[in-house]
Amino acid sequence: MLNLCSNGVRGSTLLLRPTTLVRPHSASIASDLSQGYLVNNPALSRGGASTPTTLTKVLVCRSSLEKKKNSRNSATDFLKDIGLDDSQVENIANSHPILLRCRVEKTLIPKIKVLRDFGFCGSELISVIASNPILLTNVSRDSLSAKLDLLKSILGSVENVLTAVKNEKWLLYVGLTSVLQPNLELLKSYRLCDERLQKLLVKNPKYLIRNPKEVQERLVRVEQVLGIPRESAMFLHGFKVMSSLSKRHLEFKFEMFKRYGWSESDVLVMAKRLPLCLLMSEAKLKTRVDFFINKLGYKIGDLIACLNLLTYSMERILRRYAVMQVLQERELINHSICTVMTSTESRFLDVYVLPFKDELPELYEAYTGKKLVDSSVQKASMASDLSEGCLVNNPALSSGAATIDFLKDIGLDDSQVEKIINLRPKLLRSDVEKTLIPKIRVLEDFGIRGSELISVIAANPSLLSHGSTKNLLANLHFLKSILGSVEDALNALKKGKWLSTANLTERLQPNCELLKSYGLSDERVQKLLLRYLNILCCHPKWVQESLVGVEQVLGIPRESGMFLHGFKVMISLSKKNLKLKFELFKRYGWSESDVLVMVKRLPYCLNISEAKLKTRVDFFVNKLGYEIGYLAAHPPLLLYSMEDRILPRHGVLQVLQERNLLRKIPSIYTYTKLSESRFLDAYVLPFKDKLPELYEAYAGFAGEQLARQLRIIEESELS
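Scoring rules and cut-offs
Residues numbered from 1 in each chain as written. Predicted model: local features only at pLDDT ≥ 70, side-chain atom pairs only at ≥ 80, totals over all residues. Heavy atoms only, no water. Helix = DSSP H or I, 4+ residues; strand = E, 2+ residues; numbered from the N terminus. Buried < 20%, exposed > 50% of the residue type's maximum accessible area, 1.4 Å probe, protein only. Disulfide = S-S within 2.5 Å. Axes fitted to C-alpha atoms, helices over the stretch in contact; angles between N-to-C directions. Parallel < 35°, antiparallel > 145°, perpendicular 65-115°, else oblique. Contact = heavy atoms within 4.5 Å. Nonpolar A, V, L, I, M, F, W, Y, C, P; charged D, E, K, R; others polar.

Caption draft 1: Inspection of the side chain of Glu214 at higher detail. In this fold, Glu214 is placed in helix 10 (residues 212-224). Glu214 sits in the buried class, given a relative accessible area of 12%.

What follows is the structure, encoded as structure tokens:
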């Protein structure tokens, strides 16, 4: 096999992916390849000379593959030896497969030693590695040791460092002296004491490992936007909120509350008193408004006066409200709902349950789900019961066993049920008769039955766990009216996870009209709906801003074939992230105009990672000598696979160029853009007699599908 030299350019050996050769007459070469030796092949040297040259050396990857395989097995065994079980090792292999290629002696053992010397031993060491395997792959040994010591000096104990590292996988990856320490000093300048900062770093280190400039901006906005002074006890909570929401998302949150009756001043009063309310979802807000305002008749001002009512779970609210109703009907209490709901569990028992255990034994039974057998039952036992029990007469809190049985009855297997419950545990509290069966009936009446029904539920269980049956029915018919068929609506159902809760007439329809106003045909809008339904379920204001940004920021006119692709990129990136993407390209030599030229031709390049961009710049610019302008004018080069496409093809062209077999040397984009079959026809098959080893190498390492194509070509030639 031909291999590309380590510098990516010089020499004429070709780096190719190993796979199984299928040509019968290539058996000997396949055998050589499988052995993994460097073979001198006179057939490839000029004039048949026997002196080995870079052209005559055929590097076969088998030996390196065997080393990788042995390394993978060694790493797996090592992880098990230090105490990780099979499931933990499997999770690490799935999330960080690169760890399995690490060398045990030179990489893993030294880092484990650092962790143990620091004080992570036994179960603590296992939990750190299981929750944060990046420690063994992305951080050098010396850096790991230094950062652990620095964290201990800040947090005061190994236990606090352990918790912080488990809570944020990137904590030991960022520059602590350039990022963490400046952020801590910033927060101290806002009068936050060391104790509060330690707690923040232990519980939520993600807020402190961001760019200090960004942290400074968020701190300023806590005072200027939310109106929370730095002296307030809520200032730190406001900082968490501002760190979690972009400017656009914060605007959407304000608008969300306004849709449910809040005024601007109401939202600001709420934010000052309990900023975390701004993080609640629309579905959660809707249930609280329905219960407290629509059902109980409270006013917005009542909720603002007792904001904790918005944060408590509905399970807590419903259980306590049921007890409160019983006691009020008997005229045994006359307390406000805020007093009842905000009481601690022990106080609630002391005030609203235990004093009435003789007069109303059924009250205890209803609240705990168990009969009061002995009047001297200990409060601790009651509290334990409460953590497991539920209101007996509340179907919304029924046993999860009925839900699991129902899911299996409609055809889902055990693995699908387990996945659904892990993804949507709320389903376990659903009432089968009142919630699940009606929704399944809606889907079946719509035309989704049998295996289709199972695939929809497995792919999108939120259809059963969120939203009302009425809303689901309305959305299904609305989707069918737009897409034209049940089949297309079915495909959309599998991808639109918010379909059961979103109001499609308020979001989807305006968004479709917006896209059409930008010149997109009905057919293209339908295709977008089928593939990216969640995008079109975004708030119309967000969609409008993204469409405007495609023209004004990316410079892609609405008539361009790339306009829709630009829209997908704009709606997936916040203004801040888009700015960071532009800055990323500029760090690697792009000018503003270069980035815009690239974006106009292929907007998806803005989604490229820094690691991927770096490898492309190193190869095309630093090694091959191409200009940045060439990459900007041919952006697919940034997205093609280096291992599967660019390097093998470049190696083939290097061989042909050194043998003077090409009349004209094409640019790299000319031959990398070709389909596999066209590349074969142009640069491999015409030279299979002069350079059979070149043909064998490329055919053998271009994949099974390519090998089948070659076999078909050969058979047609023989016939």
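Moving on from the model shown.
Caption draft 2: Region of the structure containing unusual backbone geometry. Even without a glycine there, the phi angle at Arg191 is positive, about 70 degrees. Note on placement: Arg191 falls in the loop between helix 8 (176-189) and helix 9 (194-203). Even without glycine at this site, Asn660 takes up a positive phi of about 55 degrees. Counting through the fold element by element, Asn660 comes out in the loop between helix 38 (642-658) and helix 39 (668-672).

Caption draft 3: Structural context of the state of the cysteines. This structure, assessed with the given rule, holds one disulfide. Disulfide pairing places Cys306 opposite Cys338 at an S-S distance of 2.1 Å. Measuring handedness by torsion sign, the sulfur bridge of Cys306 and Cys338 sits at about 80 degrees and is right-handed. Of this pair, Cys306 sits in the loop between helix 15 (300-305) and helix 16 (308-311) while Cys338 sits in helix 18 (residues 337-342), placing them 32 residues apart in sequence. Overall, Cys306 belongs to the buried group, its relative accessible area being 6%. When its relative accessible area of 25% is taken as the criterion, Cys338 is described as partly exposed.

Caption draft 4: View of the packing of helix 7 (residues 158-167) against helix 9. Interaxial distance between helix 7 and helix 9 falls to 7 Å at its minimum, and their mutual angle equals 50 degrees. The angle between helix 7 and helix 9 falls in the class oblique. Seen from helix 7, the contacting residues are Asn160, Thr163, Ala164 and Asn167; seen from helix 9, they are Leu201, Val202 and Lys203. Here the residues of the contact of helix 7 with helix 9 are counted per class, giving three nonpolar, three polar and one charged.

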